[in-house]
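# Analysis of the macromolecular model
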Amino acid sequence: MDQVNGSVVTEFVLLGLAQSLGMQLLLFLFFSTFYVGIILGNLFIVFTVIFDSHLHSPMYILLANLSLVDLGLSSTTVPRMISDLFSDCKIISLHSCMIQMFFIHITGGVEMVLLIAMAYDRYTAICKPLHYLTIMNPKMCMLLVVAAWTIGVIHAVSQFVFVVNLPFCGPNNVGSFYCDFPRVIKLACIDTYGLEFVVTANSGFISMGTFLLLIASYIFILVTVRQYSSKDLSRAFFTLSAHITVVFLFFLPCMFLYVWPFPTKSLDIFFAIVDFVVTPVLNPAIYTLRNREMKVAMRRLSRQVVSSRDLM
Ligand SMILES: *[C@@H]1O[C@H](CO)[C@@H](O)[C@H](O)[C@H]1NC(C)=O
């Protein structure tokens with residue numbers, strides 16, 4: 001950050017994940033398999049929920065929305081990362097870099113609010129079963145989804161406005177395989193201490209706050225259920241453990257990337273991969289493999305496809 005020579009940086013250099021050809025091939029196979037899984041799995045959930053009227057309950061509608069957002073979140077970084085694996089110069093224009101950061105934070109923000117909405121849905125279903133249908137009506141569901149997108153956009157814009165006009169004139173090595181606020185801000189050739197605080201406060205404490213809220217609400221749900229019977233508890237625990245797994249896997253990397261004051265390059269990369277590659281494939285895996293209703297719906301759907309083919 002010391003070499004301010006007046007030249008204006010218009011592109012950044014991203015980090016290569018692999019040097020040797022063998023490693024490049026291995027990572028290529030690994031990431032493309034996951035990315036195809038993310039696309040197919042999440043689209044599959046979206047279509048199953050849309051076309052099966054048995055799944056038109058708030059839980060599944062929110063899940064389909066989460067699947068779409070998961071797809072968007074990983075598409076902000078993974079295709080570029082895969083195509084960069086084999087290229088020698090991993091250069092990204094300032095413009096694309098800004099767009100990438102913007103969409104990462106919109107989709108990330110929406111994902112967080114949707115996870116809260118899904119926890120609220122489970123809380124209502126389990127702790128207030130008699131009022132479930134009146135509280136989680138279609139209007140409420142729509143409201144939660146609109147709120148998620150509004151908050152996601154506000155969250156992204158409120159960081160973007162500080163970064164979009166930053167002057168860059170010195171080193172342009174981002175130091176990761178994608179652009180994100182904490183790393184790009186460090187490359188600006190002005191004193192960015194205040195900005196770093198803005199990003200940590202915004203992204204970091206929002207992810208930490210959301211995480212604590214979610215964990216507290218799941219504990220609250222479990223404690224409430226325990227007062228009834230142990231059979232209810234085990235069933236609730238089964239549903240909730242899926243949600244809790246996703247919450248941990250999504251938020252621990254987020255908190256590390258934004259709050260932890262001593263970033264380590266290799267850990268950073270590992271955690272980013274968990275958020276962009278592993279969590280988005282996990283939702284379809286958890287909800288289709290562990291969920292009886294979803295399996296029944298899949299069977300119904302395949303029967304319909306088969307019988308409609310017979311009619312033709
Ligand atoms: C997302 O939620 C909205 C509002 O409830 C709903 O109308 C829409 O169908 C959902 N999207 C998907 C893909 O299910």
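These numbers come from a predicted model, not from an experiment. (Residues numbered from 1 in each chain as written. Predicted model: local features only at pLDDT ≥ 70, side-chain atom pairs only at ≥ 80, totals over all residues. Heavy atoms only, no water.)

### Section: the overall build of the chain
The helix and strand tally for the chain stands at 11 helices and 2 strands. Helices (α) and strands (β) of the chain occur, in sequence order from the N terminus, as β-α-α-α-β-α-α-α-α-α-α-α-α. Its C-alpha atoms give the chain a radius of gyration of 22 Å, near enough to 20 Å, the size a compact globule of 312 residues would have. Principal axes of the C-alpha set define a box for the chain whose edges measure 70 × 50 × 30 Å. Scored against the burial criterion, the 312 residues of the chain give a buried share of 47%. Here the analysis covers contacts within the chain between residues at least 6 apart in sequence; of these, 78% occur between residues at least 24 apart. Taken as a whole, the chain presents about 15800 Å² of accessible surface, with 71% of it coming from carbon and sulfur. (Helix = DSSP H or I, 4+ residues; strand = E, 2+ residues; numbered from the N terminus. Rg over C-alpha atoms; globule rule 2.2 N^0.38 Å. Buried < 20%, exposed > 50% of the residue type's maximum accessible area, 1.4 Å probe, protein only. Contact = heavy atoms within 4.5 Å. Areas by Shrake-Rupley, 256 points an atom, 1.4 Å probe, with all protein chains shown as cover.)

### With respect to the site of the ligand
Near the ligand the following residues occur: Val46, Ile61, Ala64, Asn65, Leu68, Cys141, Met142 and Val145. In this structure, asparagine 65 approaches the ligand through a side-chain N or O atom, which is 2.4 Å from an oxygen atom. For the ligand, the accessible surface in isolation is 360 Å², of which the surrounding protein chains cover 73%. Taken together, the elements giving at least two residues each to the shell around the ligand come down to helix 2 (58–75) and helix 6 (138–163). Per element, the largest residue contribution to the shell around the ligand is 4 residues, and it comes from helix 2. Here the residues of the shell around the ligand sort into 7 nonpolar, 1 polar and no charged. (Near = heavy atom within 4 Å. Polar contact = N/O pair within 3.5 Å; in protein donor to acceptor, adjacent residues only side chain to side chain. Nonpolar A, V, L, I, M, F, W, Y, C, P; charged D, E, K, R; others polar.)

### A word on helix 2
If you check helix 2, its first and last C-alpha atoms are 26 Å apart, about what 18 residues at 1.5 Å a residue would give, namely 26 Å. For helix 2, the buried fraction is high: 13 of the 18 residues fall into the buried class. (Expected span 1.5 Å × (residues − 1).)

### Some words on the packing of helix 4 (residues 94–127) against helix 8 (residues 193–226)
Between helix 4 and helix 8, whose axes approach to 10 Å, the crossing angle comes to 15°. Of the possible angle classes, the one that applies to helix 4 and helix 8 is roughly parallel. In the packing of helix 4 onto helix 8, the handedness of the crossing is left-handed. Residues His105, Met112, Leu115, Ile116, Ala119, Arg122, Tyr123, Ile126 and Cys127 of helix 4 lie in contact with helix 8, whose contacting residues are Ser203, Ile206, Ser207, Thr210, Leu213, Leu214, Ser217, Tyr218, Phe220, Ile221, Thr224 and Val225. Taken together, the residues that form the contact of helix 4 with helix 8 break down as 14 nonpolar, 6 polar and 1 charged. (Axes fitted to C-alpha atoms, helices over the stretch in contact; angles between N-to-C directions. Parallel < 35°, antiparallel > 145°, perpendicular 65-115°, else oblique. Left-handed = near helix turned anticlockwise from the far one by under 90°.)

### Quick notes on helix 8
Here helix 8 is 34 residues long and its end C-alpha atoms lie 48 Å apart, about the 50 Å a rise of 1.5 Å per residue gives. The principal kink in helix 8, of about 25°, is found at phenylalanine 205. (Bend = angle between axes of the 7 residues up to and from the residue.)

### Here we look at the state of the cysteines
Scanning all chains against the criterion turns up 2 disulfides. Each sulfur in the disulfide pair cysteine 97 and cysteine 179 lies 2.0 Å from the other. Every disulfide takes its handedness from the sign of the S-S torsion; for cysteine 97 and cysteine 179 that torsion is -110°, giving left-handed. With cysteine 97 in helix 4 and cysteine 179 in the loop between helix 6 and helix 7 (181–186), the pair connects residues that are 82 residues apart, well separated along the chain. Taking relative accessible area as the criterion, cysteine 179 reaches 0% and is therefore assigned buried. At a sulfur-sulfur separation of 2.0 Å, the disulfide partner of cysteine 169 is cysteine 189. Of this pair, cysteine 169 sits in the loop between helix 6 and helix 7 while cysteine 189 sits in the loop between helix 7 and helix 8, and the two are 20 residues apart along the sequence. Lacking any disulfide linkage, cysteine 141 is separated from the closest cysteine sulfur, that of cysteine 127, by 18 Å. (Disulfide = S-S within 2.5 Å.)

### Quick look at the side chain of aspartate 52
By secondary structure assignment, the location of aspartate 52 is in the loop between helix 1 (21–51) and helix 2. A polar atom in the side chain of aspartate 52 sits 2.8 Å from the backbone nitrogen of histidine 54. At 3.0 Å, the side chain of aspartate 52 forms a polar contact with the side chain of arginine 300. Aside from chain neighbours lying at most four places away, what touches aspartate 52 is Ala297 and Arg300.

### Brief notes about the UniProt feature "transmembrane region" (unreviewed entry) in the chain
Sequence positions flagged by UniProt for "transmembrane region" (unreviewed entry) are, in local numbering, residues 25–47, 59–78, 98–120, 141–164, 205–225, 237–263 and 269–289. The distance from the first to the last C-alpha atom of residues 59–78 is 28 Å, and the span holds 90% helix and 0% strand. Note that residues 205–225 is 100% helix and 0% strand, and that its end C-alpha atoms are spaced 30 Å apart. (UniProt positions renumbered as here; feature names shortened; annotations may be inferred.)

### Thoughts on the packing of helix 2 against helix 6
Following both chains from N to C, one finds helix 2 and helix 6 inclined at 20°, their axes separated by 10 Å at the closest point. When the axis of helix 2 is compared with that of helix 6, the two are roughly parallel. Handedness of the crossing formed by helix 2 with helix 6: right-handed. Here helix 2 contributes Pro58, Ile61, Leu62, Asn65 and Val69 to the contact with helix 6, which in turn contributes Cys141, Val145 and Trp149. Taken together, the residues of the contact of helix 2 with helix 6 break down into 7 nonpolar, 1 polar and no charged.

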